[in-house]
Amino acid sequence: MKCAIILAGGKGTRMRADCPKVMCNVLFKPMISYVGDAGKEAGAQDICVNTGYRHEEVEEYLNGEYSGVKTALQSPQLGTGHAVMQAGEFIEQHLEDDILILNGDGPLMDAETINKAYSYHKDNENSITLISAIVDDTDGIGHIKRDENGVLLRIVEHKDATEEEKKINESNAGCYWFNGARLKYALSNITDNNAQHEYYLTDCLEILINAGDNAGAYIVENSEVILGANDRRQLNILNNIMRKNINEGLMLNGVDIPCTDGVIIGKNVKIGNSTVIMPNTIILGNTTVGSGCTVGPNTYIDNSTVGDDVVLDNCKITDSTVENGVDAGPFVKVRAGSVLKKGVHIGNFVEVKNSVVGEGSKSAHLTYIGDSDVGSNVNFGCGTVTCNYDGKNKFRCKIGDGAFIGCNTNLIAPVEVGELAYIAAGSTITDDIPGKALSVARARQVIKEGWVDKKKPYKEKK
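Every value quoted in this text rests on a predicted model; they were computed, and no experiment measured them.

A.B. asks: Can you help me understand the nonpolar core in this one?
C.D. replies: Nonpolar side chains in soluble globular proteins tend to be buried together. I32, I265, I271, I277, L340 and I399 are the most contacted members of the largest nonpolar core, which has 96 residues in total. Looking at this core, the element that brings in the most residues is helix α8 (residues 232-252), giving 6 residues. With residues up to four places along the chain from it excluded, the contact list for L340 reads T321, V322, E323, V326, V334, I346, V352 and V357. Counting residues in each nonpolar core, the second largest holds 29 residues, with F90, Y176, C204 and A217 among its members.

Shown next, in the form of structure tokens:
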């Protein structure tokens, strides 16, 4: 059985954040969410997250994001080895299993790399397998020391390394596979005899080698997967790498991104082939976009479903469904709980909130459709407002198929407009309208000749 311990207790002082380090975002999601997903995708059936600084925030997030994840609090924080010791009860439950240890601030580590390292771990019957990478910048890394035959000896932390050891460019990623029982043994023999007076998890390697156990290092093909972030500059680097990797993967699968400027697409987003993503478009959450669409420019979509052959130009869409053939924009906002049915046209400066807009219905401009059930082939004139809130409660409007709503109409909910009903421009509707009826709800125009000369309402012009 595979299981995992995720180290997530750090404060991240250099990040200068008000939240725990692992809660800092990469592409609008906390770093730890990517690490947890990688562990689960790699087959970890039981996960324990080691928490520390402001642990309540991390635990609250984990409880909302994952089911059955355990936590272990590290206080005070005395190093990575000490952190894993706090998960002693979890380790006791998995002495016969393989335990993966991951850094909560390493969002680029993926399931593919984890499983390749696991295969190496099992094939060589290792008690410990660490993940390493060959890097150009050796400053601050954990240097992996080998003998003249390439056999692993130990991991030397940069602050404890000699000048010669600091030249070693094989870097420890901080990710390991352990045999559960041998991890327990190694932890029981760790000391804090080092420059930091901390318990280093890296010391487990030398302890197990000295005990005669098999040990190995899986060297990754792409060194980017081992990167973490200690400050905002490094966090920006992670954002750019992940953004590039996601965009390139989509393009290889047939998505057209002619210019990637400002294009940010979340890891869980799915997009069909022949869809064009225009600049300054952000697509996040569990969003699905169909084939043959044009999305953007300047469009934001979060947790929504978009069908095929949809055009979204300068739109903001959240927690909603947009069906095939919809044309929306520019400057359109579709808020949570909305459904735009097949062939709907939503034009400039239209907002839809918690409403269903039926097939083929049109609202060309300057309209608010809130808490409404709109039939098919309805036409909204410019400036129509569904007045759904009376100051205390919200009510719904119902508009039947084929209805024509004249310009500057106010529908005072709750009100029902029948099929093929016709509302004259400038009306304020407070009562239900039968099907095929004309409703005119406005005062008759009155003209008073010479009124301006008599009343002089305007300031005199100099």
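A.B. asks: Can you help me understand the environment of K459 in this one?
C.D. replies: Note that K459 resides in the segment after α9 (451-455). Note: C-alpha distance between K459 and K244 (215 residues apart in sequence) is 62 Å.

A.B. asks: Would you mind going over the state of the cysteines with me for this structure?
C.D. replies: A covalent bond between the sulfur atoms of two cysteines is referred to as a disulfide. Counting across every chain of the model gives 0 disulfides. The closest cysteine sulfur to the non-disulfide-bonded C204 is located on C175, 14 Å from its own sulfur. The thiol of C315 is unpaired, and the distance to the nearest cysteine sulfur, on C293, comes to 12 Å. For C315, a relative accessible area of 3% corresponds to the buried category.

A.B. asks: Mind showing me how you'd approach helix α6 (residues 180-187) here?
C.D. replies: Since there are 3.6 residues in each turn of an α-helix, residues three or four apart along the chain are aligned in direction. Of all the residues in α6, the buried ones are G180, L183, A186 and L187. Along the axis of α6, the buried residues cluster in a sector spanning 120°; they form a single face. Where α6 is buried, its residues contact α3 (80-85), α4 (88-92), β6 (98-103), β10 (170-179) and α7 (203-210).

A.B. asks: How should the sheet that holds strand β19 (residues 305-306) be read in this particular structure?
C.D. replies: In a beta sheet, neighbouring strands are held together by backbone hydrogen bonds and run either parallel or antiparallel to one another. On the basis of which strands lie adjacent, the open sheet formed by 9 strands has the order β13-β16-β19-β22-β25-β27-β29-β32-β35 and parallel pairing. Only two strands of the sheet have a single neighbouring strand rather than two, namely β13 (270-271) and β35 (415-417). Of the pairings in the sheet, the one linking β19 to strand β22 (residues 321-322) comprises 2 bridges and is parallel in character. Looking at the pairing, T305 lines up with T321 of β22.

A.B. asks: What exactly am I supposed to notice about the side chain of S427 here?
C.D. replies: Tracing the sequence through the fold places S427 in the loop between β36 (422-423) and β37 (428-429). In this structure the side chain of S427 is engaged in a polar contact, spanning 3.0 Å, whose partner is the backbone nitrogen of A441. Aside from chain neighbours lying at most four places away, what touches S427 is N408, T409, N410, S439, V440 and A441.

A.B. asks: Whenever I open this one, helix α2 (residues 55-65) confuses me. Can you help?
C.D. replies: Within the span of α2, buried status applies to V58, E59, Y61 and L62. Here the buried residues of α2 occupy an arc of 160° about the axis, which is enough to place them on one side. Along α2, the residues that are exposed and aim more than 90 degrees away from the buried face are E60, N63 and G64. The secondary structure elements touched by the buried residues of α2 are β3 (29-30), α1 (31-41), β4 (46-51) and β5 (70-73).

A.B. asks: Looking at this model, I keep getting lost on the pattern of salt bridges. Mind explaining?
C.D. replies: A side chain with one charge can pair with a side chain of the opposite charge if their charged atoms come near. For the structure shown, the criterion picks out 19 salt bridges. Between E92 and K184 there is a salt bridge, with the nearest N and O atoms lying 2.5 Å from each other. Taken together, the residues E92 in helix α4 and K184 in helix α6 connect sequence positions 92 residues apart. Linking R182 and D213 is a salt bridge whose minimum nitrogen-to-oxygen distance equals 2.6 Å. A residue pair is termed long-range when its members are at least 10 positions apart, and R182 in helix α6 and D213 in the loop between α7 and β11 (215-219) qualify at 31 residues. We classify R182 as partly exposed; its relative accessible area is 23%. Look at D213 and you get buried, because its relative accessible area is 16%.

A.B. asks: Sorry if this is basic, but what is going on with unusual backbone geometry here?
C.D. replies: In most cases, non-glycine residues show a negative phi, while peptide bonds are predominantly trans. Cis geometry is found at the peptide bond from S75 to P76, where omega equals 0°. The residue after A413, namely P414, is reached through a cis peptide bond having omega 0°. Turning to its location among the elements, P414 is positioned in the loop between β34 (410-412) and β35. Its identity is not glycine, yet L27 carries a phi of approximately 50°, on the positive side. Here L27 lies in the loop between β2 (25-26) and β3.

A.B. asks: Teacher, can you tell me more about the packing of aromatic side chains here?
C.D. replies: Centre-to-centre distance and the angle between the planes together describe a pair of aromatic rings. Counted according to the given criterion, the structure contains 5 aromatic pairs. On the numbers, 6.4 Å between centres and 55° between planes, the contact of Y120 with Y218 is tilted. In this pair, Y120 sits in helix α5 (residues 111-123) while Y218 sits in strand β11, placing the two residues 98 residues apart along the sequence. Assessed through its relative accessible area of 29%, Y120 is described here as partly exposed. Taken together, a centroid distance of 4.5 Å and an interplanar angle of 15° make the contact between F404 and Y422 stacked. One end of the pair, F404, is in strand β33 (residues 404-405); the other, Y422, is in strand β36, and 18 residues separate them in sequence. A residue is classified by how much of its surface remains accessible, and Y422, at 42% relative accessible area, is partly exposed.

A.B. asks: Sorry if this is basic, but what is going on with the environment of N253 here?
C.D. replies: Examined against the element boundaries, N253 turns out to sit in the loop between α8 and β12 (264-265). Overall, N253 belongs to the exposed group, its relative accessible area being 61%. With 19 residues separating them along the chain, N253 and G272 place their C-alpha atoms 8.2 Å apart. Here G249 takes part through its backbone oxygen, which lies 3.2 Å from a polar atom of the side chain of N253.

A.B. asks: Would you explain the pairing of β4 in this entry?
C.D. replies: Along a regular strand, successive side chains alternate from one face of the sheet to the other. Counting buried positions along β4 yields 6 of 6 residues, so the element is predominantly enclosed. Burial along β4 is two-sided: the face carrying D46, C48 and N50 and the face carrying I47, V49 and T51 are both buried. Examined bridge by bridge, strand β1 (residues 2-8) and β4 share 6 bridges and lie parallel to one another. Residue pairing across strands places I5 opposite C48, the latter belonging to β4. Handedness of the crossover is the feature at issue here: the chain leaves β4, passes through α2, returns alongside β5, and the resulting connection is right-handed.

How each quantity is defined
Residues numbered from 1 in each chain as written. Predicted model: local features only at pLDDT ≥ 70, side-chain atom pairs only at ≥ 80, totals over all residues. Heavy atoms only, no water. Core = buried A, V, L, I, M, F, W, Y, C linked by side-chain atoms within 4.5 Å. Buried < 20%, exposed > 50% of the residue type's maximum accessible area, 1.4 Å probe, protein only. Helix = DSSP H or I, 4+ residues; strand = E, 2+ residues; numbered from the N terminus. Contact = heavy atoms within 4.5 Å. Disulfide = S-S within 2.5 Å. Arc of directions from axis to C-beta. Pairing = 2+ DSSP bridges. Polar contact = N/O pair within 3.5 Å; in protein donor to acceptor, adjacent residues only side chain to side chain. Salt bridge = Lys/Arg side-chain N within 4 Å of Asp/Glu carboxyl O. Phe/Tyr/Trp six-rings, centres within 6.5 Å; stacked < 30°, edge-to-face > 60°. Right-handed = clockwise from strand over helix to strand, strands pointing away.

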